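Results of the structural survey
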Amino acid sequence: MTDIATIMQTSAVIPVLVIDDAATAKPLAEALVAGGLRVLEVTLRTPAAMEAIAEMKQVPGAIVGAGTVVNDAQAREVIDAGVEFIVSPGLTERVARPIIDAGVAFLPGTATAGDIMRGLDLGLTHFKFFPAETSGGLKALKALAAPFYQCRFCPTGGITEASAPDWLAFKPVLCVGGSWVTPTGASMAEVEAKARAANALRG
Ligand SMILES: O=C(O)C(=O)C[C@H](O)[C@H](O)COP(=O)(O)O
């Protein structure tokens, strides 16, 4: 199993995907991978999510994870489905425990020093910073990352193609998450082009 640090360093941007129709999942994953974004976060926000995960796992090169995992039952369900990583908007011991015990890469959301300390207590050092822009933006993350010098982050929430380079230039930021790569109604050619541009953002 791949560890979370390796997954975070695979590409500069983790596309956060909300999939309404599982039939669109495979072409979408193919377009993203063709554009160089291999790490794909499928959020459990739609009934199609689990089927979409299964479809995307068939795409060569795709590293498929589940996002918006908010409880232990969801964590177990996506572990059983064979996801390679799990993202949650926040961090509770209850959601973290089955993921850590299964040895699956975990990227829990943090926004405060207390959140990060709860993660350190659980042996975690790699976190999502969420919601990044409204939690104080890069300035807030810089302040938080100073005492937690051993931690690495994936800021997500409100990040755009224009703002991503500033985040990525901060050393503790290994990648950023965002939905801008897959705008509603975009063609697969447009998604591939946006993925290629996103992949090139890390200088
Ligand atoms: O539900 C989760 O677990 C999430 O990951 C939330 C997402 O990170 C944001 O919804 C993406 O933020 P935008 O790029 O601003 O659209």
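Going by what an unreviewed UniProt entry lists, the protein is known as 2-dehydro-3-deoxy-phosphogluconate aldolase and is assigned to Sphingomonas liriopis. Checking UniProt for the protein, the heading Subunit (unreviewed entry) contains the comment "Homotrimer." Quoted straight from UniProt, the Pathway (unreviewed entry) entry for the protein says "Carbohydrate acid metabolism; 2-dehydro-3-deoxy-D-gluconate degradation; D-glyceraldehyde 3-phosphate and pyruvate from 2-dehydro-3-deoxy-D-gluconate: step 2/2."

1. Topic: the overall build of the protein
If you tally the helices and strands in the protein, you get nine helices and eight strands. Relative to a compact globule of 203 residues, whose C-alpha radius of gyration would be 17 Å, the protein shows 16 Å and is just as compact. Every one of the 203 residues in the protein was classed for burial, and the buried ones make up 52%. When the accessible surface of the protein is totalled, it reaches about 8,700 Å², and 54% of it is carbon and sulfur. Distance between charge centres in the protein, computed from 16 positive and 20 negative side chains, equals 7 Å.

2. Description of the layout of surface pockets
The space that makes up the largest pocket amounts to roughly 600 Å³. As for the largest pocket, its lining consists of 31 residues, and the residues nearest its centre are Val16, Leu17, Val18, Ser179 and Thr182. Looking at the lining of the largest pocket, the elements with two or more residues in it are strand S1 (13-17), strand S2 (39-43), strand S8 (176-178) and helix H9 (188-199). A per-class count over the lining of the largest pocket returns 13 nonpolar, 13 polar and five charged.

3. Some words on the pattern of salt bridges
Throughout the structure, instances matching the rule amount to six salt bridges. Salt-bridge contacts for Arg76 lead to Asp72; the nearest nitrogen and oxygen are separated by 3.5 Å. With Arg76 and Asp72 both in helix H4 (residues 72-80) and four residues apart, the pair spans about one turn of that helix. Among the residues examined, Arg76 registers a relative accessible area of 45% and is labelled partly exposed. Ionic contacts of the salt-bridge type, sharing partners, join the residues Asp72, Arg76 and Arg94 into one network.

4. Digging into the site of the ligand
Surrounding the ligand, one finds Val16, Glu41, Arg45, Thr68, Pro89, Lys128, Phe130, Thr156, Gly157, Gly158, Gly178 and Ser179. Residue Arg45 places a side-chain N or O atom 2.9 Å away from an oxygen atom belonging to the ligand. In this structure, an oxygen atom belonging to the ligand sits 2.7 Å away from a main-chain N or O atom of Gly158. Coverage of the ligand by the protein chains reaches 82% of its 400 Å² of free accessible surface. The site holding the ligand turns out to be the largest pocket. For the shell around the ligand, a count of residues per class yields three nonpolar, six polar and three charged.

5. A short note on unusual backbone geometry
It is generally the case that most residues other than glycine have a negative phi and that most peptide bonds are trans. In this model, Phe130 is joined to Pro131 through a cis peptide bond whose omega is -10°. Topologically, Pro131 is positioned in the loop between strand S6 (126-129) and helix H7 (137-145). Although it is not a glycine, Thr68 sits at a positive phi angle of roughly 55°. One can find Thr68 in the loop between strand S3 (63-67) and H4.

6. Looking at empty space enclosed by the protein
Applying the stated criterion to the full structure yields one cavity of 30 Å³ or more. In terms of lining residues, the largest cavity is bounded by Ile14, Glu41, Val87, Leu107, Lys128, Cys154, Thr156 and Gly177. Looking at the lining of the largest cavity residue by residue, the classes come out as four nonpolar, two polar and two charged.

7. Re the environment of Ala113
Within the element layout of this structure, Ala113 appears in helix H6 (residues 113-121). Overall, Ala113 belongs to the partly exposed group, its relative accessible area being 32%. Between the alpha carbons of Ala113 and Pro172 there is a distance of 15 Å; along the sequence they are 59 residues apart. If we skip the residues at most four places from it in the chain, Ala113 touches Leu144 and Phe148.

Here is what the cut-offs are and how they apply
Residues numbered from 1 in each chain as written. Predicted model: local features only at pLDDT ≥ 70, side-chain atom pairs only at ≥ 80, totals over all residues. Heavy atoms only, no water. UniProt positions renumbered as here; feature names shortened; annotations may be inferred. Helix = DSSP H or I, 4+ residues; strand = E, 2+ residues; numbered from the N terminus. Rg over C-alpha atoms; globule rule 2.2 N^0.38 Å. Buried < 20%, exposed > 50% of the residue type's maximum accessible area, 1.4 Å probe, protein only. Areas by Shrake-Rupley, 256 points an atom, 1.4 Å probe, with all protein chains shown as cover. Lys, Arg positive; Asp, Glu negative; His and termini not counted. Charge placed at Lys NZ, Arg CZ, Asp CG, Glu CD. 1 Å grid on protein atoms, 1.4 Å probe; cavity = no way out; pocket = protein on both sides within 12 Å on 5 of 7 lines; lining within 4 Å. Points joined across faces, edges and corners; volume = space filled by probe spheres on them. Nonpolar A, V, L, I, M, F, W, Y, C, P; charged D, E, K, R; others polar. Salt bridge = Lys/Arg side-chain N within 4 Å of Asp/Glu carboxyl O. Near = heavy atom within 4 Å. Polar contact = N/O pair within 3.5 Å; in protein donor to acceptor, adjacent residues only side chain to side chain. Sits in = over half its atoms within 2 Å of the grid points. Contact = heavy atoms within 4.5 Å.

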